[in-house]
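In case you want the letters, here they are:
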Amino acid sequence: MFFVSVILERLSGAFLLNCELFALTLLFALPLGLVVAFGSMSRCKPLSAVVKTFVWIIRGTPLMLQIIVIYLGPGLLGMTNPWPTGSGGRMVAAVVAFVINYACYFSEIYRGGIEAVPKGQTEAGQVLGMTKPQIFFKVTLLQVIKRILPPMGNEIITLVKDTSLANTIANKEIIMMAKEYSAKGLIWPLFSTAIFFLVFVGVLTILFNWLEKKLDYFRC
Amino acid sequence: MALLEASGIGKNFEETHVLKDISLTLEKGEALAIIGSSGSGKTTLLRCLNFLERPDTGVIKVNGETMWDAADPATQKESEIRKKRLHFGLVFQNFNLFPQYTALQNVMLAGELLAKERPDYKVNKKAIHAELEQQAKELLGQMGLSERANHYPHQLSGGQQQRVAIARALALHPDILCFDEPTSALDPELTGEVLRVLRDLADRKTTMIIVTHEMHFARDVADRILFMDGGVVVEEGPAKELMDHPKEERTKQFLAHYSE
């Protein structure tokens, strides 16, 4: 006997894992992406070449494959397994894979945003005696944020749904949980997972619209 | 001693010699106009004076103090160049106002950041801020923009934006204020308001270098004119004399285009 309320509760519990992965990925990938962006824009040619190649590899291969490589790779190479045993370790490995993957995507969005700010803005800051950090934080940054909000919103919405890929290494997120029911002949829990994603993405959409409105007071 | 002495300034971009051995001097209170066709190197010269481009040869001195010596790397340190830039102000052709700040904030921003480097900043924070704001408001008033202080750049016309940019440059009290074709990006009916401000600054004996295509303005307002062509100074002299009686053939040709 399946109780609807019990099933929904278990699905919600599993969705928490999706939410956790989402939050941790953003927390680390947003700043790391900026570091990667500066690396790929660096005037030091070897550094920028290395970073660009890395971004190409990460963006050019499936996230699912990256998760497997990161989880199993070290052990297969004969190194001591860096991941803690059990479900905790699988989650940490998933977070690491997601952070690396999303940092690379974010870095390209940042790069586009930074390069779109006219050179004259930096020059105006320079002739006014500002330091490089001052120019970045006081002049450039907000213009970059305004420009990258739409593509960022897009990418972050993709992240919500990508969190399901964590089940590649048996992290029990919502889709995996729902599939256990369909294996037993009950199909509706799997379809109902859509509601969870839709609500989450709906909230994000409202948030991003609000942010875009907030920055509507200037044009660049 | 002249306020500004630049000698032997040369600048190459790849194989192109944009500036060849340019020398110029400027006295305190003097307004110098630089004229010449596009590609003659006048904008590059102005950018060299503001260290937005680094001259490959030559020396720049302000008040006898060496700002830049292409042969002496000790004068080329990034941290010192930032301070040396403050001797010069630059008003750009495209204004380059900061879009996320109001007119008043645009004028105040750099001053506030510089004030933070003062040793007494923490103690006198409020007084310093009030003083900067007072000064910024006066400057905007001088530009005829008191009513526009809280407008964002996109809410202002091109002429108004350029006047805010002039106030922003003046706020740091530069020794020499440089203008890079300040009216070239403006609709013809808006150039007048900017030229009036420049005329007013000249009347107040502001030391200025103005790169311009406005020949009548240069003749009436500048003390001296420098005509550049192909990266060299072809002719230089008192404004009216150079305009009315140019000596060099190349100058005559150039001015003839404008008298039609």
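Keep in mind the model is a prediction, meaning the values are calculated, not measured.

This paragraph deals with the overall build of chain A. Scanning chain A for helices and strands turns up eight helices and zero strands. Element order for chain A, N to C, with α for helix and β for strand: α-α-α-α-α-α-α-α. Each principal axis of the C-alpha atoms in chain A carries an extent, and together these give about 75 × 50 × 25 Å. Counting the 220 residues in chain A, one finds 44% classified as buried. Considering only contacts within chain A whose residues lie at least 6 apart along the sequence, 78% involve residues at least 24 apart.

In the predicted model, chain B carries a mean pLDDT of 90, and 100% of its residues have values of at least 70. Overall fold confidence (pTM) sits at 0.86, and the ipTM for the predicted complex is 0.90.

Moving on to the pairing of strand S5 (residues 65-69) of chain B. Residue and element names in this part refer to chain B. Pairing of strand S4 (residues 57-62) with S5, which is carried by four bridges, proceeds in the antiparallel orientation. Within the sheet, the bridge partner assigned to Val-59 lies in S5 and is Asp-69. Between S4 and S5, which pair antiparallel and follow one another directly, the connecting turn spans two residues, one of which, Asn-63, has a positive phi of 55 degrees.

This part takes up helix H9 (residues 249-259) of chain B. All names here are of chain B. Inspection of H9 places Thr-251, Phe-254 and Leu-255 among the buried residues, and these make up the whole buried set. One side of H9 carries all its buried residues, which in axial view fall inside an arc of 90 degrees. Turned more than 90 degrees away from the buried face of H9 sit Glu-249 and His-257, all of them exposed.

Parameters and conventions
- Residues numbered from 1 in each chain as written.
- Chains lettered and ligands numbered in written order.
- Predicted model: local features only at pLDDT ≥ 70, side-chain atom pairs only at ≥ 80, totals over all residues.
- Heavy atoms only, no water.
- Helix = DSSP H or I, 4+ residues; strand = E, 2+ residues; numbered from the N terminus.
- Buried < 20%, exposed > 50% of the residue type's maximum accessible area, 1.4 Å probe, protein only.
- Contact = heavy atoms within 4.5 Å.
- pLDDT = per-residue confidence, 0-100.
- Pairing = 2+ DSSP bridges.
- Arc of directions from axis to C-beta.

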